[in-house]
Amino acid sequence: MDKRVANAEEAVNDIQDNMTLMLGGFGLCGIPENCIAALVKKGVKGLTCIANNAGVDDFGIGLLLKTRQVKKMISSYVGENAEFERQLLSGELEVDLIPQGTLATRCLAAGYGMPAIFTPAGVGTEVAIGKETRKFMVEGVEKEFLMEYAFDADFAIVKAWKGDTHGNLIFKGTARNFNPIMAMAGRITIAEVEELVPAGELDPNNIHTPGIYVHRIFKGVNYQKRIEQRTVRKRI
Amino acid sequence: MLDKIGIAKRIAKEIKNNHYVNLGIGIPTLVANYIPKGMNVVLQSENGLLGMGPFPFEGEEDPDLVNAGKQTITTVSGSAFFDSAMSFGMIRARKVDLTILGAMEVADNGDIANWKIPGKMVKGMGGAMDLVASAKHIIVAMQHVNKEGESKLLKKCDLPLTGISCVKKIVTELAVLDITPRGFQLLERAPGVSIEQIKNATAGRLIIEGEIPEMIID
């Protein structure tokens, strides 16, 4: 079993216009940089992107927004991208802003084979409009929950630290975030990794995402790993 | 009157030993600097970290180590990384003891609005709705009045809501207040601030019972 592809271009080769993509990352941390660049180069349009954030104006998903390749974003926070906010306010871009926990759990539901989940996030707010609600007893008190559906994504594109030829993945630090759950949820999952090793080198105890979820894997190149807010403290 | 640091210092006094705490962006992040020495507190970062530490020294920034505000951070010993589903799972399942976040408006029934100004600021709610819907204890750090002097502690929020009937305690530049079934209950005055000032600044139902002491801020 060898799931390797040569590079990002090969990995995204059959992604077409109007598809729904999941993209891992939190801000610019843990984003699939090579695949995003390959999608820009490929020029696919009309994309629906499920991603927590929209990158910054000139990096991450911001690159796909600049080239107007995105029809719809499903995200929880887009504050770092002025172009996104502009396209949103002007109506050029369709946006579903959803609670971050709901975003994460709808990915999880897809990956865990559950058609829907119940969450208290958004009850009583505009997020609840048009949604089914149900009451459950929680710690002796009746509480209202929203029903939210599992996502259905054509592709999940994730970034990991290490991977092997079977598609097993290990993540690093806070670059993990949405990547493992999106990896489970895509109909086809593409993983770009910093280190790619033969099956057998990674300790099975350390695997974060078992290879069954991953269809294509490649070693990425030239990671910029940009920092959005470089904050430091002084040595005394 | 308190400045942002004063508000952060006063909120830090609410943290208990061995608490797991989530700090929102803005003033809440400053609270980390004023946790009493010797107190054991584990800071949860919604993007997948328990055991958030201070900012790194210059030159030691790690792009794979950021907090909910995308700032570079470090970890403390005993920390753990996990994915976003687990992160919000532990929030929803009430494993996090205390949530501290900011607000634009709070109503006297505990409704909170802190994510959207229609037509002007639509950045998104991030993790705020999950946090306010689930947290065991919620403390809000906010300005009592806006730049025009209008109250932000209201009978009813005008801005789109983040959550309903969820805020328990508020610390502003003027006061510390609890939210009770009868409305805002004044607990403490900021140094140099009078009861009159607080009354004039509060549009929602305000209960003042007994002697209201001045805050003690180190």
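Residues numbered from 1 in each chain as written. Chains lettered and ligands numbered in written order. Predicted model: local features only at pLDDT ≥ 70, side-chain atom pairs only at ≥ 80, totals over all residues. Heavy atoms only, no water.

This paragraph deals with the packing of aromatic side chains. Two measures describe an aromatic ring pair: the distance that separates the ring centres and the angle between the ring planes. Using the criterion set out here, one finds two aromatic pairs over all chains in the structure. Where F136(A) meets F145(A), the ring centres are 5.6 Å apart and the plane angle is 80 degrees; that geometry is what we call edge-to-face. On the accessibility criterion, F145(A) (11% relative accessible area) is buried. Three or more aromatic residues joined by ring pairs make a cluster, and in this case those are F118(A), F136(A) and F145(A). Lying across the ring of W161(A), K162(A) places its NZ or CZ 4.5 Å from the centre. The ring of F57(B) has R233(A) sitting right over it, with the charged end atom 4.1 Å from the ring centre. (Phe/Tyr/Trp six-rings, centres within 6.5 Å; stacked < 30°, edge-to-face > 60°. Buried < 20%, exposed > 50% of the residue type's maximum accessible area, 1.4 Å probe, protein only. Lys NZ or Arg CZ within 6 Å of the ring centre and 35° of its normal.)

It is worth spelling out the state of the cysteines at this point. Residues and elements named next belong to chain A. With the rule as written, the count across this model stands at zero disulfides over all chains. Cysteine C49 is unpaired, with the sulfur of C35 as its nearest cysteine sulfur at 12 Å. Here C49 falls in the buried class, since its relative accessible area comes to 0%. (Disulfide = S-S within 2.5 Å.)

With that settled, the discussion passes to the side chain of E61(B). By secondary structure assignment, the location of E61(B) is in the loop between strand 3 (49-52) and strand 4 (75-81). A distance of 3.1 Å separates the side chain of E61(B) from the backbone nitrogen of G59(B), its partner in a polar contact. Beyond its immediate stretch of four places on either side in the chain, E61(B) contacts I227(A), R230(A), V232(A), P56(B) and T72(B). (Helix = DSSP H or I, 4+ residues; strand = E, 2+ residues; numbered from the N terminus. Polar contact = N/O pair within 3.5 Å; in protein donor to acceptor, adjacent residues only side chain to side chain. Contact = heavy atoms within 4.5 Å.)

This next bit is on the interface of chain B and chain A. Contact with chain B, which involves 50 residues of that partner, is made by 52 residues of chain A. Summing the contributions of chain B and of chain A, the shared interface buries around 4300 Å²; its carbon and sulfur component is 58%. Summed over the three residues of chain B that lose the most area to chain A, namely D64(B), K70(B) and K123(B), the buried surface amounts to 19% of that side. Taken together, chain B and chain A are joined by eight salt bridges. Here R94(B) ties to E139(A) by a salt bridge, and the two come within 2.7 Å at their closest N and O atoms. (Buried area = accessible area lost by both parts, 1.4 Å probe. Salt bridge = Lys/Arg side-chain N within 4 Å of Asp/Glu carboxyl O.)

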